[in-house]
Amino acid sequence: PSFGQNIRIIDNTIAGGVYGIYYSVTGSTNKATGTVVSGNQLSEVGYRGVYLNNHSNPQITGNVLQTSSTEDQISLFAENISDGLLIRQNRVVSVRGNALRLVNIAGTVTTSNLVYNNFLYSEGPNRAIYLSNTNYLSFYHNAVWNRSGGAALEYASSGGNNRLVNNIFQSETG
C-alpha cells in the first residue's frame, strides 16, 4: 500500500497559484485509496485546479473551481484511476482549457465510474470535456458548455462500456 491512504481534502479555500490540489502517487501498482476532495473553493488557479493520479476509488464532490491561464490548463483532471471514480455536484469554470479531463479510468461492472450532476464550463478553444481510455463510465445529468470554438465533448480514444445519459452539451462554434 501507499503512504497516502484515506486523505481527505475538505472545505478549503484556495486562491491563486499554479496548482490548487495536486495529489499524485508514483507507480501504477501503488495507488492511493480513500481519497476525498469535497466542499473546496478554488479560484484563479493557473494550471491544474484538482489533479489526481494513481488513485483507487477517489471521490470529488461539491467543489467550486475557477481556473484561468493557458490553453493547456485543466480545471479537474483525473488519470490512472481504478476501482470506481465519483465526480458529483461540482461547479467548474475553465477560462482557457478543459473543464474536465479523464484519462485511463478503469472500471468493471461492479466498480463503475460515475460522473453526475456537474456544471462544466469552458471559454477556451479546447474542448470542455476530454475523455480517453475510459471504461465503465456513467456520465449522467451534467450540463456542459464550451462558450468558444472548442467542442463540448471529445472522446479521444479507446475504452468501452461507457454511458452518457441525459446530459446537456452545448458549444458556440466547435
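Undergrad: Before we move on, could you go through a nonpolar patch on the surface and cite the residues and values that matter?
TA: A cluster of nonpolar side chains, contributed by Val18, Tyr19 and Tyr22, occupies part of the molecular surface with about 310 Å² of accessible area. With respect to the helices and strands, Tyr19 occurs in strand E3 (residues 19-24). In this structure Tyr19 comes out as partly exposed when scored by relative accessible area, which is 39%.

Undergrad: Break down the packing of aromatic side chains for me, citing the residues and quoting the values.
TA: Under the criterion given, the structure shown has 7 aromatic pairs. Centre to centre, the rings of Tyr51 and Phe77 are 5.1 Å apart; their planes meet at 70°, and the pair counts as edge-to-face. Placement of the pair is Tyr51 in strand E7 (residues 48-56) and Phe77 in strand E10 (residues 74-82), with a sequence separation of 26 residues. The burial state of Tyr51 is the same as that of Phe77; both residues are buried. Sitting over the ring of Tyr47, Arg48 keeps its end group 4.0 Å from the ring centre. Positioned above the aromatic ring of Phe77 is the side chain of Arg101, whose terminal nitrogen or guanidinium carbon lies 5.6 Å from the ring centre.

Undergrad: Go over the sheet that holds strand E21 (residues 168-171) with me, naming the residues and quoting the values.
TA: Taken in spatial order, the 7 strands line up as E2-E6-E9-E12-E15-E18-E21 in an open sheet, and their pairing is parallel. With one partner strand each, in any of the chains shown, strand E2 (13-15) and E21 form the two edges of the open sheet. The mean inter-strand angle of the sheet, taken between neighbouring strand axes irrespective of direction, is 5°.

Cut-offs used in this document
Residues numbered from 1 in each chain as written. Predicted model: local features only at pLDDT ≥ 70, side-chain atom pairs only at ≥ 80, totals over all residues. Heavy atoms only, no water. Patch = residues over 30% accessible without salt bridge, like charges linked within 9 Å, V, L, I, M, F, W, Y side chains within 5 Å. Areas by Shrake-Rupley, 256 points an atom, 1.4 Å probe, with all protein chains shown as cover. Salt bridge = Lys/Arg side-chain N within 4 Å of Asp/Glu carboxyl O. Helix = DSSP H or I, 4+ residues; strand = E, 2+ residues; numbered from the N terminus. Buried < 20%, exposed > 50% of the residue type's maximum accessible area, 1.4 Å probe, protein only. Phe/Tyr/Trp six-rings, centres within 6.5 Å; stacked < 30°, edge-to-face > 60°. Lys NZ or Arg CZ within 6 Å of the ring centre and 35° of its normal. Pairing = 2+ DSSP bridges. Axes fitted to C-alpha atoms, helices over the stretch in contact; angles between N-to-C directions.

That's the geometry; what it means functionally is another story.
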